[in-house]
Amino acid sequence: MKKIKLDIVGLSYSQTQSGAYALVLGEVSGRRRLPIIIGSFEAQAIAIEIEKMTPSRPLTHDLFKSFAQAFNIGIQEIIIYNLVDGIFYSKLICSDGKKTLEIDARTSDAIAMAVRFDCPIFTYEFILSTAGIVIEGNDFVYLENLNEPAEEKATPTSTAAGYTALSDDELKTKLQEALNEEAYEKAAKIRDELNKRKAS
């Protein structure tokens, strides 16, 4: 499968999940955005490295980097390779110069390692089609993966309370507002509700 390169385009506090953050990845050569909900510890680990701050003691991800480098192991790339029931699956592609290994990781940890090793982040088309949001000017298009069964595209846990009572037109208006505000996590939940309705 062809890999699609992503960049980190945003990290913000979640307005719908206490203690969680919305990490937004953007398609390098396109307008699609991939919002991922992560924990506060992982968000802090990513933000500290992006801002080039130095904690007084090494964080877990810093320790992993130091350990890997001590044994001449580098991370070549990160791949977000699957999406099941709203959970993203990722792997680290590591090499010591002689052999290359794939190591399974939570996506938040994989991104925290990617910023430390300055390595590229990739995903596949079916993931962006299922969970991505595309922005074209002031308009939006919410995406579906037409190759997957419709009932897998949204889960009850991904629908924010209150959206079920709104009409399709009201949801689309709120989705546009969320995109204009760059509230990608909120937009993702509205998109999931719209996808759920289309599937039923």
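Keep in mind the model is a prediction, meaning the values are calculated, not measured.

Enquirer: Please provide a residue-by-residue account of the overall build of the protein, values included.
Expert: Check the secondary structure of the protein and you find six helices and nine strands. Within the protein, the proportion of its 200 residues that are buried is 46%. Partitioning the contacts of the protein with sequence separation of at least 6, the portion at a separation of at least 24 is 54%. Working note: accessible area of the protein is about 11,000 Å², and carbon and sulfur atoms make up 50% of it.

Enquirer: Please give an account of unusual backbone geometry that cites residues and values.
Expert: One non-glycine residue with positive phi stands out, namely Asp-85, at about 50 degrees. By secondary structure assignment, the location of Asp-85 is in the loop between strand E4 (74-84) and strand E5 (87-95). You will see that Asp-118, though not glycine, has its phi angle at about 50 degrees, which is positive. When you line up the elements, Asp-118 lands in the loop between helix H3 (107-117) and strand E7 (121-124). Classification of Asp-118 as exposed rests on a relative accessible area of 70%.

Enquirer: If you had to explain a nonpolar patch on the surface to someone new, which residues and values would you point to?
Expert: A cluster of nonpolar side chains, namely Phe-67, Phe-71 and Ile-73, defines an oily patch on the protein surface of about 330 Å² accessible area. By the secondary structure assignment, Ile-73 is in the loop between helix H2 (60-70) and E4.

Enquirer: Describe the layout of surface pockets, with residues and values.
Expert: Taken as a whole, the second largest pocket encloses approximately 220 Å³ of empty space. Along the wall of the second largest pocket there are 13 residues; nearest its centre are Asp-7, Ala-114, Val-115, Asp-118 and Cys-119. Contributions of two or more residues to the lining of the second largest pocket are made by strand E1 (3-13), helix H1 (40-50) and H3. By residue number, the principal contributor to the lining of the second largest pocket is E1, which donates four residues. By residue class, the composition of the lining of the second largest pocket is eight nonpolar, no polar and five charged.

Enquirer: Go over the side chain of Arg-116, please, and point to the residues and values.
Expert: Mapped onto the fold, Arg-116 is located in helix H3. Separated by 3.0 Å, the side chain of Arg-116 and the backbone oxygen of Ala-45 make a polar contact. A distance of 2.7 Å separates a polar atom in the side chain of Arg-116 from a polar atom in the side chain of Asp-62. Once residues within four sequence positions are removed from consideration, Arg-116 is found in contact with Ala-45, Glu-49, Leu-59, His-61, Asp-62 and Lys-65.

Enquirer: Give me the lowdown on the packing of H2 against H3, citing residues and values where you can.
Expert: Interaxial distance between H2 and H3 falls to 10 Å at its minimum, and their mutual angle equals 55 degrees. Overall, the two elements H2 and H3 adopt an arrangement that is oblique. Of the two possible hands of crossing, H2 and H3 adopt the one that is right-handed. Across the interface between the two elements, His-61, Asp-62, Phe-64, Lys-65, Ala-68 and Gln-69 from H2 touch Asp-109, Ala-112, Met-113, Arg-116 and Phe-117 from H3. Across the contact of H2 with H3, the residue classes tally to five nonpolar, two polar and four charged.

Enquirer: Talk me through the nonpolar core; I want residue IDs and the actual numbers.
Expert: Counting 32 residues, the largest nonpolar core has Leu-25, Leu-34, Ile-75, Ile-78, Ile-80, Phe-88 and Leu-92 as the members making the most contacts within it. Of all the secondary-structure elements, those providing two or more residues to this core are E1, strand E2 (20-27), strand E3 (32-39), H1, E4, E5, H3 and helix H4 (125-131). Considering every element that reaches this core, the biggest residue donor is H3, with six residues. The next biggest cluster of nonpolar side chains, apart from the first, holds nine residues, and it includes Leu-171, Ala-178, Ala-187 and Ile-190.

About the thresholds
- Residues numbered from 1 in each chain as written.
- Predicted model: local features only at pLDDT ≥ 70, side-chain atom pairs only at ≥ 80, totals over all residues.
- Heavy atoms only, no water.
- Helix = DSSP H or I, 4+ residues; strand = E, 2+ residues; numbered from the N terminus.
- Buried < 20%, exposed > 50% of the residue type's maximum accessible area, 1.4 Å probe, protein only.
- Contact = heavy atoms within 4.5 Å.
- Areas by Shrake-Rupley, 256 points an atom, 1.4 Å probe, with all protein chains shown as cover.
- Patch = residues over 30% accessible without salt bridge, like charges linked within 9 Å, V, L, I, M, F, W, Y side chains within 5 Å.
- Salt bridge = Lys/Arg side-chain N within 4 Å of Asp/Glu carboxyl O.
- 1 Å grid on protein atoms, 1.4 Å probe; cavity = no way out; pocket = protein on both sides within 12 Å on 5 of 7 lines; lining within 4 Å.
- Points joined across faces, edges and corners; volume = space filled by probe spheres on them.
- Nonpolar A, V, L, I, M, F, W, Y, C, P; charged D, E, K, R; others polar.
- Polar contact = N/O pair within 3.5 Å; in protein donor to acceptor, adjacent residues only side chain to side chain.
- Axes fitted to C-alpha atoms, helices over the stretch in contact; angles between N-to-C directions.
- Parallel < 35°, antiparallel > 145°, perpendicular 65-115°, else oblique.
- Left-handed = near helix turned anticlockwise from the far one by under 90°.
- Core = buried A, V, L, I, M, F, W, Y, C linked by side-chain atoms within 4.5 Å.

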